[in-house]
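Report on the structure
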Amino acid sequence: MTQRTFFDIDDRLLTLAEETESDIRPAFEKIESIAFQNQQKVLAAFIHNHVGENCFTSSTGYGYGDVGREKLEKVFADAMECEDALLRHNFMCGTHALTVALFGVLRPGDTMLCVTGMPYDTIQSVIGLHNPPASGSLKEFGIGFQKIDLLTGGGVDIEKMRRQLRDDASIKMVYIQRSRGYSLRPSLPVEAIGEICAAAHEVKPEVVVMVDNCYGEFVQLTEPCVHGADLMAGSLIKNPGGGIASTGGYIAGRKDLVEMCSYRLSTPGTGREVGCTLGHSREMYMGLFSAPHVVGEALKTAVFAAGLFTRLGYDVTPRPDEPRADIIQSLLLRTPEALIAFCQGIQSGSPVDAQALPEPWDMPGYDSKIIMASGSFTLGSSIELSADAPLREPYAVWMQGALNYAAGKTGVLIAADRLLKQSQKH
Ligand SMILES: *Cc1c(COP(=O)(O)O)cnc(C)c1O
């Protein structure tokens, strides 16, 4: 069958793409098997909780007694296999959900110990790590911060964590970032998170282990709380929103901790009982239902990009056949020009705003100039195909998402083509 083509992509790239797809077939089979099992887990959660048409109605004002909102949180807790959850469109982004969890659980005099090195850029402001510290940061409220750098190779220094937990009575939280963020460290599999939780709870049973679970949901068969984490949080315009939720976030985990967070999300006294849904419930249910499949499509796109760029002679991390605990793919493109060409290519292969030409800019909350490509239905959604590259050493782009593999593969090919044409100009 002759292929119809709609884009001017170099024939050499199309040949490489075919070879890549035959290389990565075993990885695709693993991804499909995980998506199948996670889809069943989510479907079972819908069925056991008797999700019905009545769950999709909209509430206004205080939103008291919103059945759809209450049931959705039970469905989500079941899908995450934990005791309880807050899942709300009122969370403005992932950073907000994480912030509510940190302020919800920590008190003046407490210390948060991050065991995965420096946390994600926006969380640094929340902690108060900048000079001067951001107004309203944890630091202003007398909450301390310590970090333990990752070992070479990306493992967590569990022995150092044990020592610090024994020596410093103020440590009330061990904080883990599952995803790589804008770094080249590996993502942390839930099994490794389990080892950290076991060691932390052995030294100090009451310590709260909290996981920044952004980009990790449904990538593996289980989530961090199954492996001993007490609390986790994430964004609905990433994995668990399935590309359908148009805003929101979640906090999930131990019942008592989720309740404490609810008093920070709304107010002491009202907690989870308030919060109208304004018509968001149906898309949040639909997004959660689609999430295992969409995460699988995003993973396939990441693996395809890893395979294609390996064949093009670039270093990539993770490699196509490496195990993954998040949906992010880094490609080391080596020059600022290459980063810009790649991101502009991703943008030009997007369904929305393809004509826009992204340029590097100073984004609030981030340290260096960043170029971002995101031609998405939801502004800033990174479960949709998107790419970000801080213009700093080692000139790597971090790409993620794709609502379906066919579109993801096309976007990656268009970006690779632009990169090729850019390099031929010089
Ligand atoms: C996306 C992300 C966050 C939250 O970022 P938002 O842009 O506020 O949603 C936090 N941590 C990690 C690792 C992330 O990937």
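Remember, predicted model here, so these are calculated numbers, not experimental data.

1. Section: helix 2 (residues 25-48)
With 24 residues, helix 2 ought to run about 34 Å at 1.5 Å a step, and its terminal C-alpha atoms sit 35 Å apart, in line with that. Of all the positions in helix 2, only A27, F28, I31, A35, N38, K41, V42, A45 and F46 are classed as buried. The inward-facing, buried residues of helix 2 abut helix 3 (67-79), helix 9 (281-311) and helix 11 (405-424).

2. Quick look at the site of the ligand
Surrounding the ligand, one finds C93, G94, T95, L98, Y120, Q177, D212, C214, Y215 and K238. Within the contact set of the ligand, an oxygen atom lies 2.8 Å away from a backbone nitrogen or oxygen of G94. At 2.5 Å from an oxygen atom of the ligand is found a side-chain nitrogen or oxygen belonging to T95. A total of three residues in the shell around the ligand trace back to one element, the largest contributor, which is helix 4 (residues 94-105). Its residues assigned to classes, the shell around the ligand comprises five nonpolar, three polar and two charged.

3. Regarding the domain arrangement of the protein chain
Assigned domains within the protein chain: domain 1 (11-39 + 289-425) and domain 2 (58-278). At the interface, 37 residues of domain 1 touch 31 residues of domain 2. On inspection of domain 1 and its partner domain 2, the count reaches zero salt bridges. Inspection of the domain 1/domain 2 interface yields 14 residue pairs in polar contact (both at pLDDT 80 or more). For the side of domain 1 that touches domain 2, the secondary structure elements donating two or more residues are helix 2, helix 9, strand 9 (329-332), strand 10 (370-374), strand 11 (386-390) and strand 12 (396-400). When residues of the side of domain 1 that touches domain 2 are assigned to their parent elements, the largest contribution, six residues, is made by helix 9. Taken together, the residues that form the side of domain 1 that touches domain 2 break down as 21 nonpolar, 11 polar and five charged.

4. Describing the layout of surface pockets
Left-over empty space is what a probe sized like a water molecule reveals as it rolls over the atoms. Space inside the second largest pocket adds up to approximately 610 Å³. In terms of lining residues, the second largest pocket is bounded by 28 residues, among which K30, D321, E322, P323 and R324 are the most central. Within the residue set of the lining of the second largest pocket, elements represented by two or more residues are helix 2 and helix 9. Tallying contributions element by element places helix 2 first for the lining of the second largest pocket, with six residues. For the lining of the second largest pocket, a count of residues per class yields 15 nonpolar, six polar and seven charged. There are two domains that each give the lining of the second largest pocket at least three residues, and those are domain 1 (11-39 + 289-425) and domain 2 (58-278).

5. Side note on the pattern of salt bridges
A side chain of one charge can pair with a side chain of the opposite charge when the charged atoms of the two come close. Per the stated rule, a full pass over the model turns up 23 salt bridges. Notably, a salt bridge pairs K255 with D84, separated by 3.6 Å at the nearest N-O pair. Within this pair, whereas K255 is found in helix 8 (residues 255-265), its partner D84 is found in strand 1 (residues 84-88), the two being separated by 171 residues in sequence. For D84, a relative accessible area of 8% corresponds to the buried category. One network of salt bridges, with partners in common, ties together E73, D84, R88, K255 and R272.

6. Here we look at the side chain of E223
Residue position: E223 is located in the loop between strand 5 (208-212) and strand 6 (231-235). By relative accessible area, E223 is classed as buried at 0%. Of the polar contacts made by the side chain of E223, one reaches the backbone nitrogen of F218; its length is 2.8 Å. Contact partners of E223, with chain neighbours within four places excluded, come to M80, R178, V190, N213, G216, E217, F218 and M232.

7. Quick word on the pairing of strand 1
A large share of strand 1 lies buried, amounting to five of its five residues. Along strand 1, one buried face is formed by D84, L86 and R88 and the opposite face, lined by A85 and L87, is buried too. Two strands pair when backbone bridges link them, and strand 1 and strand 7 (residues 249-253) are joined in this way by five bridges, in the antiparallel orientation. Its bridge partner being in strand 7, R88 is matched across the sheet by G249.

8. Quick notes on a nonpolar patch on the surface
Residues L43, I47 and F289 make up a contiguous nonpolar surface patch of about 270 Å² in total accessible area. Along the chain, F289 turns up in helix 9. F289 sits in the partly exposed class, given a relative accessible area of 35%.

9. Regarding the packing of helix 9 against helix 11
Contact geometry of helix 9 with helix 11 gives a least axis separation of 9 Å together with a crossing angle of 30°. As far as their axial angle goes, helix 11 and helix 9 are roughly parallel. The two elements helix 9 and helix 11 cross, and the hand of that crossing is right-handed. The residues of helix 11 that touch helix 9, namely those facing E297, K300, T301, F304, A305, L308 and F309, are Y405, G408, K409, V412, L413, A416 and L419.

10. Focus: the sheet that holds strand 5
Across a sheet, strands are paired by hydrogen bonds formed along the backbone, either parallel or antiparallel in direction. Taken in spatial order, the seven strands of this open sheet run 1-7-6-5-4-2-3, and their pairing is mixed. Strands with a single pairing partner mark the edges of an open sheet, and in this sheet they are strand 1 and strand 3 (144-147). Neighbour-to-neighbour, the strand axes of the sheet open up by a mean angle of 20°, direction not taken into account. Across four bridges, strand 2 (residues 111-114) lies against strand 3 in parallel orientation. The residue of strand 3 that forms the bridge with T111 is G144. Docked against the sheet, helix 3 engages strand 1 and strand 7, running at close to 125° with respect to strand 1.

How each quantity is defined
Residues numbered from 1 in each chain as written. Predicted model: local features only at pLDDT ≥ 70, side-chain atom pairs only at ≥ 80, totals over all residues. Heavy atoms only, no water. Helix = DSSP H or I, 4+ residues; strand = E, 2+ residues; numbered from the N terminus. Expected span 1.5 Å × (residues − 1). Buried < 20%, exposed > 50% of the residue type's maximum accessible area, 1.4 Å probe, protein only. Contact = heavy atoms within 4.5 Å. Near = heavy atom within 4 Å. Polar contact = N/O pair within 3.5 Å; in protein donor to acceptor, adjacent residues only side chain to side chain. Nonpolar A, V, L, I, M, F, W, Y, C, P; charged D, E, K, R; others polar. Domains from an automatic or database assignment. Salt bridge = Lys/Arg side-chain N within 4 Å of Asp/Glu carboxyl O. 1 Å grid on protein atoms, 1.4 Å probe; cavity = no way out; pocket = protein on both sides within 12 Å on 5 of 7 lines; lining within 4 Å. Points joined across faces, edges and corners; volume = space filled by probe spheres on them. Pairing = 2+ DSSP bridges. Patch = residues over 30% accessible without salt bridge, like charges linked within 9 Å, V, L, I, M, F, W, Y side chains within 5 Å. Areas by Shrake-Rupley, 256 points an atom, 1.4 Å probe, with all protein chains shown as cover. Axes fitted to C-alpha atoms, helices over the stretch in contact; angles between N-to-C directions. Parallel < 35°, antiparallel > 145°, perpendicular 65-115°, else oblique. Left-handed = near helix turned anticlockwise from the far one by under 90°.

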